[in-house]
Amino acid sequence: MLLEVSGITAAYGSVQVIENVSLSVGEGAAVGILGANGAGKTTTLRAISGTVRVPSGTITFKGQDIRGKRPEEVAALGISHVPEGRGTLPNLTVEENLRVGAYLRKDRSGIETDIAFILELFPNLKRRFTSNGSALSGGEQQMMAIGRAFLAKPTLLVLDEPSLGLAPSTAKDVYAAISRLRLETGIAMLVVEQNANLAFSVVDTAVVLETGRSVLSGSTAELRGNDEIRRAYLGG
Ligand SMILES: Nc1ncnc2c1ncn2[C@@H]1O[C@H](COP(=O)(O)OP(=O)(O)OP(=O)(O)O)[C@@H](O)[C@H]1O
Ligand SMILES: [Mg+2]
C-alpha cells in the first residue's frame, strides 16, 4: 500500500473529533471519502498532512511512519494537499502560484513540462496566466490550486471537496480534468467529496465516515448498490 491509515484518532486541542478512522490507498489508486458535514473528512486529511494532532493509530506512507511528522516533511515525502477553500495566494499571478508549488524541485525542464500540461488541462488558466489569483473565479481558483499541488510532483494528491461552491457545470469540468490528470499521470488520489456522483467519476473505491469513524468501504459499484448509500449520497 502507498498510504495506510489505521485506527487513528485526531484532536483539536483537547477536543477529539476523530475516533477511529482507517483507510488505504494503493499505488496509483484513487480513493474517495464520503460523509455528512462534520463527519471528520477534512480532519482526516489534516491528520495525514500533519496539520492536526493524531494521538493514536498509525499512518504509513511508502512504508514509512508519518504520524506526527510536520506538514513540510509530509509534503517533501510526496503528499500534496489541496485544502478545503483552496489556499491559493491572491497577490501572486497564476504563473507564480504554479511555480510556488514546484519550489522544492530542481528539474527545471520537468517543471516547464508540468506547467504546460496543467495549462493544457485547464485552458482557463492559460488565458489567466498573468492575472492575480484574486481575479480568478471560484472554479479557476480550484483549477489553480490543483495545478499548484500537482507542480510539487507528488505521489499522492489529496483533494478536499474540489466541487465546493462551484456551479454544477463547473464542478463537472473540474472533475473531468481530475480524471484526465489521473489517467495521464498515474498519480494516486485521495478525494473528499459530498457529491458522491462526482467522486465516483474518478475514484475506484470509497470509505464512508460517520461522526469520526469509518463505517463502510467498498468499490464504487458496491457502494452504488447499497440502499443507504444511494439515499444519503447519490440522491435517491
Ligand atoms: N479547527 C477546529 N477546532 C475545533 N473543532 C474543529 C475544527 N475544525 C473542525 N472541527 C470539528 O471537528 C469535527 C469534524 O470536522 P471536519 O471539518 O473534519 O468535518 P468534515 O467532514 O470535513 O465536514 P464538512 O463536510 O462540513 O467540510 C466537527 O465537529 C467540527 O466542528
Ligand atoms: Mg470538510
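Structure report, in brief. (Residues numbered from 1 in each chain as written. Chains lettered and ligands numbered in written order. Predicted model: local features only at pLDDT ≥ 70, side-chain atom pairs only at ≥ 80, totals over all residues. Heavy atoms only, no water.)

## Topic: the coordination of the magnesium ion (ligand 2)
The criterion, for reference: In this description, a donor is an N, O or S atom within 2.8 Å of the metal centre, a cutoff extended to 3.2 Å for sodium, potassium and calcium. Water is not part of the atom list, which can make sites seem incomplete. Helix and strand labels come from DSSP, where a helix needs a run of H or I of at least four residues and a strand needs a run of E of at least two; each type is numbered from the N terminus.
The magnesium ion (ligand 2) binds to the protein through T42 (OG1) and E84 (OE); the donor distances cover 1.9 to 2.3 Å. Of the two residues, T42 sits in helix 1 (residues 41-49) while E84 sits in the loop between strand 6 (79-82) and helix 3 (94-101), which places them 42 residues apart along the sequence.

## Here's the deal with the packing of helix 4 (residues 108-121) against helix 7 (residues 168-185)
Packed helices, taken two at a time, are described by their axes: the angle between them and the distance between them. What counts is decided by this rule: To define axes, lines are fitted to C-alpha atoms, for helices over the stretch in contact only, and angles between the resulting N-to-C directions are given on a 0 to 180 degree scale. Working rule for handedness: look at the near helix, and if it is turned counterclockwise from the far one by less than a right angle, call the crossing left-handed; if clockwise, right-handed. Contacts: residue pairs with any heavy atoms within 4.5 Å of one another. Residue classes follow a fixed rule: Ala, Val, Leu, Ile, Met, Phe, Trp, Tyr, Cys and Pro count as nonpolar, while Asp, Glu, Lys and Arg count as charged, and any other residue, Gly among them, counts as polar.
Contact geometry of helix 4 with helix 7 gives a least axis separation of 11 Å together with a crossing angle of 140°. For the crossing formed where helix 4 meets helix 7, the hand is right-handed. Taken together, the residues of helix 7 that come into contact with helix 4 (itself represented by F117, E120 and L121) are A177, R180, L181, E184 and T185. Class assignment for the residues of the contact of helix 4 with helix 7 results in four nonpolar, one polar and three charged.

## Thoughts on the site of ligand 1
Under the convention used in this document: We call a residue near a given molecule or strand whenever any one of its heavy atoms falls within 4 Å of it. We define a polar contact as two N or O atoms separated by no more than 3.5 Å, with the added condition that, inside protein, one atom must be a possible hydrogen donor and the other a possible acceptor, whereas residues neighbouring each other in sequence contribute only through side-chain atom pairs. Surface accessibility follows the Shrake-Rupley procedure with a 1.4 Å probe radius. Residue values consider only the protein chains on display as shielding.
What surrounds ligand 1 is a group of 14 residues, the closest being K41, T42, T43, E84 and Q194. T43 is positioned with one of its side-chain polar atoms (N or O) 2.5 Å from an oxygen atom of ligand 1. The protein chains hide 61% of the 640 Å² of surface that ligand 1 would expose on its own. The element contributing the most residues to the shell around ligand 1 is helix 1, with four residues.

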